[in-house]
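Notes for the structure review
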Amino acid sequence: MKTRYLVPGDYMADPAVHVFDGKLYIYPSHDRESGIPENDNGDHFDMNDYHVFSLEDVETGEVTDHGVALRVEDIPWAGRQLWDCDVAHKDGKYYMYFPLKDRNDIFRIGVAVADRPEGPFVPQPDPIRGSYSIDPAVLEEGGKYYMYFGGIWGGQLQRYRSNKALEAAAFPADGEAAICPKVVRLSDDMLGFAEEPRDLIILDPNGRPLTQGDTERRFFEASWMHKRGGKYYYSYSTGDTHNICYATGDSPYGPFTYQGVILPPVLGWTTHHAIVEYKGKWYLFHHDCVPSGGKTWLRSLKVVELEYSEDGTILQVPAG
Ligand code: FUB
């Protein structure tokens, strides 16, 4: 399959993708030109709503835009910046998890609820208690739901240790264990955490945690989890080195062992993805900045088929 741009008339990024009612639903961030200058804090990613898309034929089918599903102005605790969201389905309801800065400019994760996969989603009055940082991704496993989250730099994860806010942001030294993404089981009502978030540890093939200086492999942001053949595949972006990498494990909590790069750098600073099986094939949804001529805050949604070797390793997708 040739790589396909899915929403040529608008800028969409950070896809989360699920099969609901036999269709593929895409939950992207909605990029826009806000005029805010680019900086390491990500202030130029000043998104203020989400659209939901669906399709039934990944390779050539029509992509339906279901319109605006949630707006910043409808979220009672909102400050600014709606970044990468995800949606989970339980007992006939759809739960959208979204990162947003509160009025103190601190990222929290909120929940909004809908009766249909395309929304509209109605936000809860407050963010999830104990939530912080960005990029929630939810896996359903045996009736339990696990959220993966976190992102360093503009995603603020370096401001926390053991789920407590530090007085000042702190990065480990290059030779020390890298800052970990987080994993937490959701409560039965899907509106909160059922436990304290845990570190998701990524080991190198020698069983040692990846280090902060190992920028080609260590976690930066954009968690995604999928399961195939009884194995858990945790994938993520390395941020400033622009890879989408993956690691595998035997439990939703890990530990995970680093396996390799799924997608080498694309045009644009960020890279972000979702992996999903649909009608017997696996697909990688992601974004790049080719249609905007390289404007890193105006990203376009793409999809390409993803292939695995017999032993379950993922074949690297060529960039472009
Ligand atoms: O879209 C804003 C941020 O850029 C996302 O939260 C990150 O994953 C990166 O794609």
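Computed from a prediction, not measured in an experiment: that's the story for all the values here. (Residues numbered from 1 in each chain as written. Predicted model: local features only at pLDDT ≥ 70, side-chain atom pairs only at ≥ 80, totals over all residues. Heavy atoms only, no water.)

The next thing to look at is the overall build of the chain. When helices and strands are tallied, the chain shows zero helices and 23 strands. The C-alpha atoms of the chain give a radius of gyration of 18 Å, which matches the 20 Å a tight globule of 320 residues would have. Residues counted as buried form 58% of the 320 residues belonging to the chain. At a minimum sequence separation of 6, the contacts of the chain that also span at least 24 residues come to 53%. Taking the 31 positively charged and 48 negatively charged side chains of the chain as two groups, their mean positions are separated by 2 Å. (Helix = DSSP H or I, 4+ residues; strand = E, 2+ residues; numbered from the N terminus. Rg over C-alpha atoms; globule rule 2.2 N^0.38 Å. Buried < 20%, exposed > 50% of the residue type's maximum accessible area, 1.4 Å probe, protein only. Contact = heavy atoms within 4.5 Å. Lys, Arg positive; Asp, Glu negative; His and termini not counted. Charge placed at Lys NZ, Arg CZ, Asp CG, Glu CD.)

The next point concerns the environment of Leu 306. Along the chain, Leu 306 falls in strand 23 (residues 300-306). For the pair Leu 306 and Thr 3, spaced 303 residues apart in sequence, the C-alpha separation works out to 11 Å. Those residues in contact with Leu 306 that sit more than four places away from it in its chain are Ile 262, Ile 275, Trp 282, Tyr 283, Leu 284, Ile 314, Leu 315 and Val 317.

Let's shift gears to the site of the ligand. Around the ligand, the neighbouring residues are Asp 14, Met 47, Trp 83, Asp 84, Ile 134, Asp 135, Glu 221, Thr 270, His 272, His 287 and Arg 299. A distance of 2.5 Å separates an oxygen atom of the ligand from a polar atom in the side chain of Asp 135. Between the ligand and the protein, one listed contact pairs an oxygen atom with a side-chain N or O atom of Arg 299 at 2.7 Å. For the ligand, whose free accessible area comes to 280 Å², the fraction covered by protein is 99%. Classifying every residue of the shell around the ligand by side-chain character gives three nonpolar, three polar and five charged. (Near = heavy atom within 4 Å. Polar contact = N/O pair within 3.5 Å; in protein donor to acceptor, adjacent residues only side chain to side chain. Areas by Shrake-Rupley, 256 points an atom, 1.4 Å probe, with all protein chains shown as cover. Nonpolar A, V, L, I, M, F, W, Y, C, P; charged D, E, K, R; others polar.)

Residues Tyr 5, Leu 267 and Val 290 make up a contiguous nonpolar surface patch of roughly 250 Å² in combined accessible area. On the secondary structure map, Val 290 appears in the loop between strand 22 (281-288) and strand 23. You can call Val 290 partly exposed: its relative accessible area is 44%. (Patch = residues over 30% accessible without salt bridge, like charges linked within 9 Å, V, L, I, M, F, W, Y side chains within 5 Å. Salt bridge = Lys/Arg side-chain N within 4 Å of Asp/Glu carboxyl O.)

Okay, the pattern of salt bridges next. Following the criterion strictly, the structure yields 17 salt bridges and no others. Among the salt bridges present, the one from Glu 141 reaches Lys 227, with a minimum N-O distance of 3.0 Å. In this pair, Glu 141 sits in strand 10 (residues 137-141) while Lys 227 sits in strand 17 (residues 221-228), placing the two residues 86 residues apart along the sequence. The class of Glu 141 is partly exposed, set by a relative accessible area of 21%. You can call Lys 227 partly exposed: its relative accessible area is 34%. Linking Asp 240 and Arg 218 is a salt bridge whose minimum nitrogen-to-oxygen distance equals 2.8 Å. Of this pair, Asp 240 sits in the loop between strand 18 (231-237) and strand 19 (244-249) while Arg 218 is found in the loop between strand 16 (202-203) and strand 17, placing the two residues 22 residues apart along the sequence. With a relative accessible area of 27%, Asp 240 lands in the partly exposed category. Through salt bridges with shared partners, one network takes in Asp 43, Arg 80, Lys 101 and Asp 105.

One open sheet holds the four strands; their spatial order is 1-23-22-21, and the pairing between them is antiparallel. Two strands bound the open sheet, and with one partner strand each, they are strand 1 (4-5) and strand 21 (273-278). Across six bridges, the pairing between strand 21 and strand 22 is antiparallel. Bridging from a neighbouring strand, Tyr 278 pairs with Lys 281 of strand 22. (Pairing = 2+ DSSP bridges.)

The next point concerns the packing of aromatic side chains. Evaluation of the coordinates by the stated rule reveals 20 aromatic pairs. Ring pairs connect the aromatic residues Tyr 148, Phe 219, Tyr 234, Tyr 236 and Phe 256, which therefore count as one cluster. The ring of Tyr 258 is capped by Arg 217, whose NZ or CZ atom sits 5.3 Å from the centre of that ring. (Phe/Tyr/Trp six-rings, centres within 6.5 Å; stacked < 30°, edge-to-face > 60°. Lys NZ or Arg CZ within 6 Å of the ring centre and 35° of its normal.)

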